[in-house]
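Fold and contact review
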Amino acid sequence: MNMRSRPTRDDDRTPCLDNSHNRHATQKPALVIIFYYQRCPQVLSEALTLLCTSAYTLRTVNLCECPLQEEGDSATLTTVQRINAAFERAVTGHHTIIAIGAGEAALPAACWVHDYAPALAALILAAPRFLSSPGGMATSFQREATWMRRRLFSDCAAIGIPVLLAYTCRILRREKSVLATLKAGLATAVVHQEIVEVDKPSAYARLATLFEQFIQHSRSLSADTLSLLYADCAGNTCEERNRLSEAETNRIKRVYWQLSRAALTVCGRHSTGIALGLEHGFDSGVMLDYVYSNQATGKNGVGRFIDRLYLNSIPWRGVRIREQLVAQFIAGAVGRLKGRGNEINLLDIAAGYGRYFFQLPEQTLLAINAALLRDYDPLNVARGNALIQEKGLENSVTYQQADAFSEADLTALPADRTLAIASGFYELFSDNTQVLMSLRGISRSLMPGGYLVYTGIPWHPRQEFMARVMVRNGDKSAWVLRRRTQRELDFLIASAGFVKLTQRTDPWGIFSVSLACKLPTESAP
C-alpha cells in the first residue's frame, strides 16, 4: 500500500505485531500436503523426497479418508470444512506452516485459505486441476466445486499470502483461462512456474528446488498488516463498495435493476417476509427474526409460495446455519469455562431480539451466572425484556439499550465477563476504526482467558443485488455491504487482544463463526 495515500487519523488503529516467532525460532516449519488419492501423487511425493525432509515436519490430509461428519454432529461436512477440521486436529504448535494442494485438491485447498484464513506462511498449488473432479466423487464434488469456483475466482485476492502455482504444459492448455484469472487476482502475491516433464526424474529435482526457494522466500516476508488495517479505505473490498455505492452506468443493467425493484415491491404485497424487509430493512432485527423462524406466510397461497422461495434463498439458509453455529460455539465456550471452574458471565454487545440466547438448551442457560444483553434499537430492547419476563429470567438476565460504538457505553461495561458474543453485527459496518474500538471495549470487559464468539461475511454471492434492490434498516438507503475478508476480521480480533481458536462456515462460504480467547494482559498487543 502506498503510504502517502494512507489516511492520517488520530485513531485506535495500532497494528497488532505478532512476535510469537521469537518463541518458536528453532521449531521446524510444517508442510501440510492436501490430496485426493489413496497415496500422495507421485510427482509431489518424489519432489518432497528430494527436499531436505529433516528440516520440515510433514503432515498429510487425504480427503478420501477425512470423516464426512464431526463427532456429535449429523451434518455432512463439505470438502473445505473437512480440510479445516483435519488441519485443526493435526497441525498445532507450528509457527511456520506451508500448505500444498495437489491436483484436484488444489481447488478446495485454495478455498479453505480464502474462507478460513488459517495461519499459513504460504500456499503451494501443485499441478492444480481446478476444472476436474476426483474419480468416484464427480457428482457430489461438482456441486461443491461450483460454489468454490465462484468465490475463489471472484475473490482470490482475499487469500493474501504468497502463492506458488506449479503446473504442466498439459494442465496449462486445459485450464489456461482459470490460471490467468488466478494470477491476475492474486497480483503480486503469486509466483507461477511451468514444469514440463513431470514424469522424469529431472522434473522432480526442479520441482523440489522450486519448492525450497519459494518456501525460503515466503518465510523472509513480513505480514502486510497495514493493508488489513486500512482495508476500509483502500483495497479490493473498498473499491467494490465504492462501485456499488455509485449509480449504475450500464443502461441495460439499470433497467434490469429497476425491474427487479418493481418486482420486489409487487412480491412484498403478498409475501410477509419481503414486506418486513421493505418496511424495516432487510438487515433489521425484525427481518432476521423472521428468517430464523423459517415459517412461510403470506396473504394467500401465492404469497406463501413466494415467501417460501424467499426464505429458501441461499443467503437466508446461510443465516440460519450461522445461528446454529453461534449456539454451538456458545455451548462449547460454556463447557470450557465450567471445566475450568469459572463463573459464566455473558455479554452480547448487539443482541437484536436475543432469539439465539433464549433458545439455548436449558442446561446451557442454567449454567450462565449472569447475562447482559445490549442493543441500540429500543424495539429490540423492549422485545428482549418481554422475553426475559416471560421466561422468568429477571434474576440472571439484563437487557439494556446501549450503543456498541459509544465510548461511554463501552466504558460502562462490567469488567467481570467471561464470555462475549458479537453475532451478525460488525459485518454491517464498514469502518474499521469503529469496529476496533468496540472490540477493545469488549476485551476490557472480559477476564483474561475469557471467550469471544464472533461472526463475519467474508464473501457474498448476492452483493450487487443487495446494493441495487434491497434497503437497509434505519434510513431505508441501499444495502451496500463492504465485505470484511476473514484475514481482515481476524486481524482486528487479534489487534483487540484475542487469539482465534477455531472457526466454522456455512457450506457456501458466506457466513463465518469463530471462537477466540482473550490473551493475558502481558501477552496482548
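Keep in mind it's a predicted model, so treat the numbers as computed, not measured. (Residues numbered from 1 in each chain as written. Predicted model: local features only at pLDDT ≥ 70, side-chain atom pairs only at ≥ 80, totals over all residues. Heavy atoms only, no water.)

**Some words on the overall build of the protein chain**
When its secondary structure is counted, the protein chain shows 21 helices and 13 strands. A buried classification covers 53% of the 525 residues belonging to the protein chain. Here the contacts in the protein chain between residues at least 6 apart in sequence split such that 77% fall between residues at least 24 apart. Total accessible area on the protein chain is roughly 23400 Å²; 52% of this is exposed by carbon and sulfur atoms. (Helix = DSSP H or I, 4+ residues; strand = E, 2+ residues; numbered from the N terminus. Buried < 20%, exposed > 50% of the residue type's maximum accessible area, 1.4 Å probe, protein only. Contact = heavy atoms within 4.5 Å. Areas by Shrake-Rupley, 256 points an atom, 1.4 Å probe, with all protein chains shown as cover.)

**Considerations on the side chain of Asp 490**
Mapped onto the fold, Asp 490 is located in helix α21 (residues 486-495). In this structure the side chain of Asp 490 is engaged in a polar contact, spanning 2.6 Å, whose partner is the side chain of Lys 500. Once you skip the residues sitting within four places of it in the chain, Asp 490 turns out to touch Tyr 116, Ala 117, Tyr 454, Lys 500 and Gln 503. (Polar contact = N/O pair within 3.5 Å; in protein donor to acceptor, adjacent residues only side chain to side chain.)

**Some details on the packing of helix α10 (residues 251-268) against helix α11 (residues 272-280)**
As a packed pair, α10 and α11 sit with axes 7 Å apart at the nearest point and diverge in direction by 115 degrees. Between α10 and α11 lies a crossing whose hand is left-handed. Of the residues in α11, those in contact with Leu 264, Thr 265, Cys 267 and Gly 268 of α10 are Ile 274, Ala 275 and Leu 278. When its residues are assigned to classes, the contact of α10 with α11 shows five nonpolar, two polar and no charged. (Axes fitted to C-alpha atoms, helices over the stretch in contact; angles between N-to-C directions. Left-handed = near helix turned anticlockwise from the far one by under 90°. Nonpolar A, V, L, I, M, F, W, Y, C, P; charged D, E, K, R; others polar.)

**A closer look at the confidence of the model for the protein chain**
Per-residue confidence for the protein chain gives a mean pLDDT of 85; residues scoring 70 or more make up 87%. Here residues 1-26 scores under 50 on pLDDT; set against residues more than four positions off or in separate chains, the count is 43 contacts. (pLDDT = per-residue confidence, 0-100.)

**Quick word on the pairing of strand β10 (residues 417-422)**
Counting buried residues along β10, six of its six residues qualify, which places the element largely inside the surrounding structure. Of the pairings in the sheet, the one linking strand β7 (residues 345-348) to β10 comprises three bridges and is parallel in character. Across the sheet, residue Leu 346 finds its bridge partner in β10, namely Leu 419. Both β10 and strand β11 (residues 446-456) contribute to a ladder of five bridges, which runs parallel. The residue bridging Ile 421 from the neighbouring strand is Val 453, located in β11. Taken together, β10, helix α19 (residues 432-445) and β11 form a β-α-β motif whose crossover is right-handed. (Pairing = 2+ DSSP bridges. Right-handed = clockwise from strand over helix to strand, strands pointing away.)

**Notes on the packing of aromatic side chains**
With the rule as written, the count across this model stands at 13 aromatic pairs. For the pair Phe 425 and Tyr 426, a centre-to-centre distance of 5.1 Å together with 50 degrees between the ring planes defines the contact as tilted. In this pair, the class of Phe 425 matches that of Tyr 426, namely buried. One aromatic cluster is present, built from ring pairs that chain together Phe 405, Phe 425, Tyr 426 and Phe 429. The ring of Trp 147 carries the charged tip of Arg 150 above its face, separated from the ring centre by 4.7 Å. (Phe/Tyr/Trp six-rings, centres within 6.5 Å; stacked < 30°, edge-to-face > 60°. Lys NZ or Arg CZ within 6 Å of the ring centre and 35° of its normal.)

**A look at the pairing of strand β13 (residues 512-518)**
In terms of residue burial, β13 counts as a mostly covered element, since seven of its seven residues are buried. Because side chains alternate across β13, one face comprises the buried residues Ser 512, Ser 514, Ala 516 and Lys 518, and the other comprises Val 513, Leu 515 and Cys 517, equally buried. With seven bridges connecting them, strand β12 (residues 498-505) and β13 associate as antiparallel partners. Its bridge partner lying in β13, Thr 505 is registered against Ser 512.

**Things to note about the sheet that holds β10**
Overall, mixed pairing links the seven strands, which are arranged β9-β8-β7-β10-β11-β13-β12 in an open sheet. Strands with a single pairing partner mark the edges of an open sheet, and in this sheet they are β9 (397-401) and β12. Averaged over all neighbouring strand pairs, the angle between strand axes comes to 15 degrees, with direction disregarded. Here helix α17 (residues 378-390) sits on the sheet and contacts β8 (370-375) and β9; the angle it forms with β9, its principal contact strand, is near 165 degrees.

**A few points about the environment of His 280**
Examined against the element boundaries, His 280 turns out to sit in helix α11. Residue classification places His 280 among the partly exposed positions, given a relative accessible area of 23%. Separated by 193 residues in sequence, His 280 and Asn 473 have C-alpha atoms that sit 5.6 Å apart. In contact with His 280, not counting residues within four places along its chain, are Val 286, Asn 473, Gly 474 and Lys 476.

**Digging into α19**
Between its first and last C-alpha atoms α19 spans 20 Å; for 14 residues at 1.5 Å apiece the expected length is 20 Å, and the two agree. Buried residues dominate α19, accounting for 12 of its 14 residues. What α19 keeps buried is the set Asn 432, Thr 433, Val 435, Leu 436, Met 437, Ser 438, Leu 439, Arg 440, Gly 441, Ile 442, Ser 443 and Ser 445. Here α19 starts with a cap whose side-chain oxygen sits 2.8 Å from the backbone nitrogen of Thr 433, and that cap is Asp 431. (Expected span 1.5 Å × (residues − 1).)

**Details of the pattern of salt bridges**
In the structure shown here, the tally under the stated rule is 15 salt bridges. What you see here is one network of salt bridges that share partners, running through Asp 289, Glu 323, Arg 355 and Arg 383. (Salt bridge = Lys/Arg side-chain N within 4 Å of Asp/Glu carboxyl O.)

**Focus on the side chain of Thr 78**
Mapping Thr 78 onto the fold places it in the loop between β2 (57-62) and α2 (79-90). Excluding residues that lie within four positions of it along the chain, Thr 78 makes contacts with Glu 144 and Pro 507.

**What about α11?**
Within α11, burial applies to Gly 273, Ile 274, Leu 276 and Gly 277. For α11, the buried positions fall inside an angular range of 155 degrees around the axis, keeping them on one side. Here the buried face of α11 lies against α10, α12 (285-293) and α13 (301-311). Its side-chain oxygen placed 3.5 Å from the backbone nitrogen of Gly 273, Ser 271 serves as the N-cap of α11. Backbone geometry just after α11 places Gly 281 at a positive phi near 100 degrees. (Arc of directions from axis to C-beta.)

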